[in-house]
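Observations on the model geometry
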Amino acid sequence: MAAFLRRRPNSIPLLVATLPACLRLRPLHPSGVRSVGSAATLNFAYATSDQAAEPSPGRKVLETFREEFEVGSGTVSIETGKIARFANGAVVITMDETNVLSTVASARGDGARDFLPLTVDYQEKQYAQGAIPTTFMRREGAPKERELLCGRLIDRPLRPLFPRGFYHEVQVTANVLSSDGKQDPDVMAANATSAALMLSDIPWNGPIGVIRVGRIDGKFIFNPTMDELSLSDLNLVYACTKDRTLMIDVQAREITEKDLQAGLKLAHPEVAVKYIDPQVRLAEKAGKKKREYKLSMISDSTLEKIRNIAEAPIQAVFTDPSYGKFERGEALDQITQTVKAKLEEDCDEDSLKALPKAVDTVRKEIIRRRIIDEGFRVDGRKLDEVRPLYCESGIYPMLHGSSLFSRGDTQVLCTVTLGAPGDAQRLDSIVGPPTKRFMLHYSFPPFSINEVAKRGGLNRREVGHGTLAEKALLALLPPEDDFPYTVRVNSEVMASDGSTSMATICLLKAMQWSMALMDAGIPVREHVAGVSVGLISDVDPSTGDITDYRILTDILGLEDHLGDMDFKIAGTKKGITAIQLDIKPAGIPLDIICESLEPARKGRIQILNRMEEKISVPRAMDDGSTPKLGARISVSDGTVTIVAKNGSIMEKAQEKITFLIGREIEVGGIYKGVISSVKEYGAFVEFNGGQQGLLHISELTHEPVSKVSDVLSVGQELSVMCIGQDIRGNIKLSLKATIPKKGSPDKQDPVPAKQSANVGVSPSEDVATCTESSTPSILIRSAAECEAQERAAVQHTKAKSRKQASSPRPYDPSSAPQNLEESSVKKKRQSKKEKEKEVSDGTKTKRKASTRKSVSHADDGDNKSKPSAQAQSLKIGDRLPAKVYQIRTHGLVLELSGGTRGMYKFEVNGRRDFEVGKELQVRCSSFSTKGIPVFSLEASTWAMAAFDLPCSELPCSSATDS
């Protein structure tokens, strides 16, 4: 076939077309050269006589290098060569479906400065989780708080490993490319940055490994998922080299020092072996040669010359404990000026350039040597002694909570603000919860150290210190179900001489007591305190090993600056809740770190004991400034949460909500309403969430009113009292019941007025819950009946009776027949028979057979007439006997004399041992929407049940008995 192809080149297309699919050849460049790639394929060039060969682009080969390893239960891979090839070092780290790119770059300047300008930018863009930003511009804005914290987490273990004197600008950029939400990308970004620095030509004494450790049910877990972390009582981020610790960051739920040590000792070999070795192998394959750089170091001759001049006066200043922070600073400035004058006399330009750095070096040597050799600190304290404490709570009563805390010269003012659940901070992070209801904002103004500086936006240091204090208290914050408030704490540093974040932690608990969070139902279990532990060590210059060291408790700012570590530990008497370890040398042995936990625990206990002595009684939350929550309600389940600045505003908000949505109505309850319409006989009032009630003309004032429009108008707001319901279920309202009578300002209307109106009528119930404690003075009828009555009221009494009898349907309870089918003749006979029976029984009450008055004339509330059993003539409050006709699931069907029936609804935890035919003493309490009378049991009924007496032997109360 090859010979055939050489003889017939034009036959190639035809031949290829007839070959099986598995043997077909792919055309390539006109040059006919085979391309080199990751997949081996046969590629040929061909051209026909009719068509010239078209040029096609070449294939670019991306040489990639990859390392895979297992940590915990997952597989981690680091790869370079595919993305960001122009960066000095670039690595993509992958775990499950989460990918993070980390790049490093360094400036090529001379590095003429006295510090390392290292910048770490961590970014979480919304495309990583398949979302569009919700901002107006639909772009990511300034770095969020979480991004700043992740940047600090990467920066802290990297910085100590840059060579001493390397002061070239270095920038690290970490981007989350994709996230499945299972893993937190911060630890992955730190490991990717370490690998990128190993690949670059930037001098760096790495690599490092960073790992997250959790604990569930007492078992430690490496690289836990976000779901596992929510169940864990430990969130430990540990960074180290092969033999030394670089950084520790902990958030825990009162873990003991012993358990924490166990977790650290497990994390170190897991990191050293599994994270560090793959980075070394990757650097051997694809790493660059480290470039030469210029060291910004002080020459030995310059340092020795300045030491000879400044050592003695500096030692005199720092051995005198009477010097304060600023006094020491002023004395040191004077010494520096003296040395500068001497160098200017000698015209030593090189020494003058290095003067500030050299003086600081001499000061550092003197202080460190005195601590190690003599055990004396700058302020004269012992190594394990805590500075004097001062606590004061409730210094600003108008605030929800406020306290002032001082430890030595460090002073912090803390305030607390409580808000509604909707005030919680929204988090746009790609992992973690969507909101945060406990916020601690730490502020370090320049005046706290007597400096002048510009205040900008978010500061990395302020965010880091605030987050540390927030972590320390978050473990003790009660669940949202028990405490629905959103809490914002502001920590304002008033003066700083070290450990301001730890002062914030101590103050927070003091402040919590001062604002009486426990009185608000907050189950805060323990006090929280924090202390900073420092380290001063001697190092062998040849090996770099620590030969001698001293651990300092509650370090000053100067001891932090001149020391080797700042180990901040916060917790309760039971255990640790937060840790932040920052170091300056290239690592500290883990044994020394573990040894530092015990001095920190002792110092923490001292502070807690002092706080308990000062703060023992909480301030009650019933003052006017503390916000209050009403019924805790959400939109989904039909409840509303009310938060107000004080009690008066809370009441106004509740009244407004009550007017809009309504509450359960109760007789005697006062409600705010609006006049919706005005009639000749009264006005209709809209109140309680849209319900309508009738305000009769007789219930306007205690004085007679000739015209309703003279008193009321449409749209007028007023407060009315519910005085009952008519037989049709209409709500009766009264305005005069809320107004004192003239001459008796302290005497109210006989109708009881209850100030709270938190009960209501459920429209789904057949039994109206609007009950009445006394008989109303007027029985309210329907609109048509009231109009008919008003037209007849101007006539003479006899004429009014005749006109009422001839009106279409004027309602008169006395003329209502016992049965709608009975004739008027039968009604008269029945009335006469009842009268004769009353006389024969010795009843001295006289009444007409054709009329029954609906207005009670008894001033003392006693009605001498026995109530009739006619349903149409019953009024709320009538008491009468009834027999159990039928027993149902939720109540009884009662039968009155004459065959009229009513209903009784079982009460919660009430009596249910009834028998059919049993006689009961009942009271008419309301009417259903269909006009059926609803009864309640009289107290005498319980006596009847107890003594097994018939109802006839018990006294029958009148309709107006209260």
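Residues numbered from 1 in each chain as written. Predicted model: local features only at pLDDT ≥ 70, side-chain atom pairs only at ≥ 80, totals over all residues. Heavy atoms only, no water.

Right, let's talk about unusual backbone geometry for a bit. Omega for the peptide link from G206 to P207 comes to 5 degrees, which places this bond in the cis form. With respect to the helices, strands and loops of the structure, P207 is situated in the loop between α4 (185-199) and β9 (209-216). The residue E254 is not glycine, and still its phi comes out positive at about 55 degrees. Tracing the sequence through the fold places E254 in strand β12 (residues 245-255). Given the relative accessible area of 15%, E254 is considered buried. Notably, N450 is not glycine yet its phi reads approximately 60 degrees, a positive angle. Secondary-structure assignment places N450 in the loop between β18 (438-443) and α11 (460-474). (Helix = DSSP H or I, 4+ residues; strand = E, 2+ residues; numbered from the N terminus. Buried < 20%, exposed > 50% of the residue type's maximum accessible area, 1.4 Å probe, protein only.)

Alignment of strand β26 (residues 670-678) against strand β29 (residues 717-725), held across five bridges, turns out to be antiparallel. Paired with Y671 across the two strands is V720, which belongs to β29. Relative to strand β27 (residues 682-687), β26 runs antiparallel, the two being bridged by five bridges. Pairing of V674 across the sheet is with E686, part of β27. If you look at the hairpin formed by β26 and β27, you'll find three residues sitting between the two strands. (Pairing = 2+ DSSP bridges.)

Looking at chain direction, β27 and strand β28 (residues 691-696) are connected through six bridges and run antiparallel. Counterpart to A683 in the pairing with β28 is L695. Hairpin remark: β27 followed by β28, antiparallel, with three residues in the connecting loop; positive phi at N688, about 55 degrees.

Moving on, we come to the nonpolar core. Formed by 92 residues in total, the largest nonpolar core has its most connected members in F162, I211, Y238, I248, M565, F567 and I579. Tallying contributions element by element places α4 first for this core, with 10 residues. Setting aside anything within four residues of it in sequence, one finds I248 in contact with R156, L236, V237, Y238, L264, I579, Q580, L581 and I593. Ranked by size, the runner-up nonpolar core spans 26 residues in total, among them I306, V317, L332 and I555. (Core = buried A, V, L, I, M, F, W, Y, C linked by side-chain atoms within 4.5 Å. Contact = heavy atoms within 4.5 Å.)

Let's shift gears to the pattern of salt bridges. This model, assessed by the stated rule, comprises 42 salt bridges. Among the ionic pairs, D201 bridges to R108, the shortest N-O distance being 3.2 Å. Taken as a pair, D201 in the loop between α4 and β9 and R108 in the loop between β6 (98-106) and β7 (118-123) lie far apart in primary sequence, 93 residues in all. Measuring nitrogen to oxygen at the nearest pair gives 2.8 Å for the salt bridge that ties D548 to R550. Overall, D548 belongs to the partly exposed group, its relative accessible area being 27%. You can call R550 partly exposed: its relative accessible area is 25%. Salt bridges here are not isolated pairs; linked through shared partners, they connect E124, R146, D184, D186 and R212. (Salt bridge = Lys/Arg side-chain N within 4 Å of Asp/Glu carboxyl O.)

Averaged over all residues, the pLDDT of the protein chain equals 76, while 71% of them reach at least 70. This model gives residues 745-786 a pLDDT under 50, and the stretch forms 105 contacts once residues within four places in sequence are excluded. Within the model, pLDDT remains below 50 along residues 796-868, and this stretch shows 68 contacts once partners closer than five positions in the same chain are excluded. (pLDDT = per-residue confidence, 0-100.)

Let's shift gears to the sheet that holds strand β23 (residues 576-583). Strand order in the open sheet formed by eight strands is β10-β9-β11-β12-β23-β22-β20-β21, with antiparallel pairing between adjacent strands. Looking along the sheet, the strands with just one partner apiece sit at the ends: β10 (219-222) and β21 (546-553). Neighbour to neighbour, the strand axes of the sheet diverge by 20 degrees on average, direction disregarded. Looking at chain direction, strand β11 (residues 234-240) and β12 are connected through seven bridges and run antiparallel. By the bridge assignment for β12, L234 is matched with A252. Across the sheet, helix α3 (residues 145-158) lies against β11, β12 and β23, angled at about 135 degrees from β12, the strand it touches most. Here helix α6 (residues 257-286) sits on the sheet in contact with β9, β10, β11, β12 and β23, set at roughly 140 degrees to β9. (Axes fitted to C-alpha atoms, helices over the stretch in contact; angles between N-to-C directions.)

Our focus in this paragraph is the packing of aromatic side chains. The geometry of an aromatic ring pair is captured by the separation of the ring centres together with the interplanar angle, meaning the angle of the planes. The full count for this structure, using the stated rule, is nine aromatic pairs. Pairing Y681 with F684 gives two aromatic rings, centres 6.4 Å apart and planes at 90 degrees, and the pair type is edge-to-face. Given a relative accessible area of 22%, F684 falls into the partly exposed group. Consider the rings of Y904 and F906, whose centres lie 6.2 Å apart with planes at 80 degrees: the pair is edge-to-face. One aromatic cluster is present, built from ring pairs that chain together F162, F166, W204 and Y293. Cation over ring: R461 sits above F444, and NZ or CZ is 4.5 Å from the ring centre. Above the ring of Y885, the side-chain terminus of R901 is found at 3.8 Å from the ring centroid. (Phe/Tyr/Trp six-rings, centres within 6.5 Å; stacked < 30°, edge-to-face > 60°. Lys NZ or Arg CZ within 6 Å of the ring centre and 35° of its normal.)

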